[in-house]
Amino acid sequence: METLTFDLNKKGGKFKILNATNGGPWHRRHANDQYRSNLESYKAARIPYSRNHDSGVVGIYGGPFSHDITRIFPNFDADAEDPASYDFACTDESILCTLEAGTKTFFRLGQTIEHQIKKHGIIPPPDFKKWAVICEHIIRHYNEGWAEGYHFDIEYWEIWNEPDLDPDDSANKRTWAGTKAEFFNLYEIAAKHLKNCFPHLKIGGPALAGDEEWAADFLAEMRKRDVPIDFFSWHVYGSTPDKMIKKAERIKALLNKNGYKKAESILNEWNYVKGWTDEFVYTVQTIHGMKGAAFTMACMSEAQKCTGIDMLMYYDTRPSAFCGVFDFYTYRPLKGYYPFQWYGMFYDMIAEIRCESSIEDIYTLCGVDKNDKILCVLTHYSDNDAARAKSVKVDFGRKGKYEICFLDEKHDAEPVAITDKLELTMENNSCVMIKEV
């Protein structure tokens, strides 16, 4: 039996925002005759931010009449200064529902991905400066009350999504139908305009799909043009936490190299993906099961230790194949819900405690609260489905009594024991919470 040792005298920093998501609660304030809602369980997970990208393809968030710039401002020839040119209603409702769950909106200024044969919103706007002015008025609506709006104090405003997904010569672009050079111009104009209007807000992007050469060109060009970047957002999908961490390190190095050392590094799309073609069905099955839940908890645990990640935003908690958190039909929590709920508990901790030892495929997350009480989550995750169970001993360097909760094929995070003996057998793809009582 191997031992995990924690030195409670070595107190680290606070816990980062790592249980944010794409997609808010599945709830309608205006019409719930056939009542289903996950508002209370979503709220219980203490999700700090919900990114509204892709929300427009789901009816529960306002459907095709929400979030995208071309939906909020449907006629590009209209007067950008006239409130009558804007259609805010469905986006308003989505943000209000999200706030009801205690979650702020991370606002993506841009367009939903388009897989259909004919493209519409991803075509570059005919006037980049006017597009920036439209974005300005959207911000004023939600933060300054413009056009019968609100004072939500939305902090994060992201310019576009995955402009690097398809190369310039692609015949079927899905996120940005223009060239790389055109996007660089759009970003420069929009970022400078919005930062000038709202110096106190966080303006960033571009929600990089994955092309790191594209990212290097983008950052070098933005530095050359003296473009402000408050946060750099990027995406990664894979089957091991290590892939996420190594990419985070490379992204951070790119930011430092190009003079953006202070920019937040925000991974705002991530999930388990074994493969996008032959292994995609296996991928979806995994996301919705216990293995997907263990992967999620393992990634959060590693991201807390990684200096290259400032925030994680899981993709996603909207009703979709990538949602391993809530059941599509009943809206009830799946196994993947509990890592979000458990991580939300760490916001009550005043300091992280790092594990002094390591065991292969065992991931740790540990903190202490203001009363020096311990909260610890262990995860046994391996992408090898044949991996065997592991027996581990946990040593906090002091005696105590601990409530043990299991998350595995047989348990849904409920308490199973109160004990002073921390010797555990963990099946592959399982989690355990240890809470000092």
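Before going into details, it helps to say that this report is about the structure given with it. (Residues numbered from 1 in each chain as written. Predicted model: local features only at pLDDT ≥ 70, side-chain atom pairs only at ≥ 80, totals over all residues. Heavy atoms only, no water.)

With respect to the nonpolar core
The biggest cluster of nonpolar side chains holds 109 residues, and the ones touching the most others in it are Trp131, Ile138, Trp157, Phe218 and Ile309. Contacts of Trp131, omitting those with residues within four sequence positions, involve Ile69, Phe76, Leu109, Gly110, Pro125, Ile159, Trp160, Leu186 and Ala190. By size, the runner-up hydrophobic cluster in this structure holds 24 residues, among which are Phe6, Ala351, Cys376 and Val432. (Core = buried A, V, L, I, M, F, W, Y, C linked by side-chain atoms within 4.5 Å. Buried < 20%, exposed > 50% of the residue type's maximum accessible area, 1.4 Å probe, protein only. Contact = heavy atoms within 4.5 Å.)

Some details on the sheet that holds strand E10 (residues 351-355)
Pairing within the open sheet is mixed, and its nine strands lie in the order E15-E14-E17-E12-E11-E10-E1-E13-E16. The open sheet terminates on both sides in strands that have one partner only, identified here as strand E15 (412-419) and strand E16 (423-426). Looking at each pair of strands side by side, their axes are set apart by 25° on average, direction ignored. Relative to strand E12 (residues 374-380), strand E11 (residues 362-368) runs antiparallel, the two sharing seven bridges. What sits directly across from Cys366, in E12, is Cys376. (Pairing = 2+ DSSP bridges. Helix = DSSP H or I, 4+ residues; strand = E, 2+ residues; numbered from the N terminus. Axes fitted to C-alpha atoms, helices over the stretch in contact; angles between N-to-C directions.)

Observations concerning empty space enclosed by the protein
If you walk through the whole model with that rule in mind, you get three cavities of 30 Å³ or more. There is about 60 Å³ of room inside the largest cavity. Around the largest cavity, the lining residues are Gly23, Gly24, Ser50, Arg51, Asn52, Ser55, Tyr61, His67, Ser94, Ile95, Thr98 and Thr105. Counting residues per element, the ones that place at least two in the lining of the largest cavity are strand E3 (49-51) and helix H3 (89-100). Of all the elements, H3 adds the most residues to the lining of the largest cavity, at three residues. Of the residues that constitute the lining of the largest cavity, the class distribution is two nonpolar, nine polar and one charged. What the second largest cavity holds in volume is close to 50 Å³. If you go around the second largest cavity, the residues you meet are Val236, Tyr237, Gly238, Thr240, Lys243, Met244, Trp270, Asn271, Phe295 and Cys299. Where the lining of the second largest cavity is concerned, the elements lending two or more residues are strand E7 (231-238), helix H7 (241-257), strand E8 (264-272) and helix H9 (290-305). (1 Å grid on protein atoms, 1.4 Å probe; cavity = no way out; pocket = protein on both sides within 12 Å on 5 of 7 lines; lining within 4 Å. Points joined across faces, edges and corners; volume = space filled by probe spheres on them. Nonpolar A, V, L, I, M, F, W, Y, C, P; charged D, E, K, R; others polar.)

Considerations on the sheet that holds strand E6 (residues 202-208)
With parallel pairing, eight strands are arranged side by side around a closed barrel as E2-E3-E4-E5-E6-E7-E8-E9. Between one strand axis and the next, the sheet turns through 30° on average, direction left out of account. Bridging between E6 and E7 involves three bridges; their strand directions are parallel. If you follow Gly205 over to E7, its bridge partner there is Phe232. Packing of H3 onto the sheet brings it into contact with E3 and strand E4 (104-109), and relative to E4 it is tilted by some 145°.

Focus: the layout of surface pockets
If you add up the space inside the largest pocket, you get close to 610 Å³. Along its surface, the largest pocket is lined by 25 residues, and Ile113, Glu162, Tyr237, Glu269 and Trp276 are the ones closest to its centre. Counting residues per element, the ones that place at least two in the lining of the largest pocket are E7 and H7. For the lining of the largest pocket, the class distribution of residues is ten nonpolar, seven polar and eight charged.

So, the pairing of E4
Most of E4 sits out of view: five of its six residues are buried. Two elements, E3 and E4, share three bridges in a ladder whose sense is parallel. Residue pairing in the sheet places Ser50 in a bridge with Thr105 of E4. With three bridges joining them, E4 and strand E5 (residues 156-159) adopt parallel strand pairing. Note on E5: the bridge partner recorded for Arg108 is Glu158.

A word on the environment of Phe295
For Phe295, the position within the fold is in helix H9. Separated by 87 residues in the primary sequence, Phe295 and Ser382 place their C-alpha atoms 8.1 Å from one another. Ignoring anything within four residues of it in the chain, the contact list for Phe295 reads Gly238, Ser239, Thr240, Pro241, Trp270, Asn271, Tyr272 and Tyr381.

Some points on the side chain of His380
Looking at the element boundaries, His380 is found in strand E12. According to the relative accessible area criterion, His380 is buried, its value standing at 1%. Looking at His380, its side chain comes within polar contact range of the main-chain nitrogen of Asn428, at 3.4 Å. Dropping the residues within four chain positions of it, His380 is found in contact with Ala294, Asp361, Ile362, Arg388, Ala389, Lys390, Met426, Glu427, Asn428, Asn429 and Ser430. (Polar contact = N/O pair within 3.5 Å; in protein donor to acceptor, adjacent residues only side chain to side chain.)

Some points on helix H6 (residues 212-224)
Helix length check: H6 (13 residues) gives 18 Å between terminal C-alpha atoms against 18 Å at 1.5 Å per residue, within 8%. Within H6 the residues assigned to the buried category are Trp214, Ala215, Phe218, Leu219 and Met222. Angularly, the buried residues of H6 cover 130° about the axis, an arc narrow enough to put them on a single face. For H6, the exposed residues lying more than 90 degrees away from the buried face are Glu213 and Lys224. Tucked into the core, H6 has its buried residues touching helix H5 (180-197), E6, E7 and H7. One side-chain oxygen at the N-terminal end of H6 lies 3.1 Å from the backbone nitrogen of Glu213; it belongs to Asp211. (Expected span 1.5 Å × (residues − 1). Arc of directions from axis to C-beta.)

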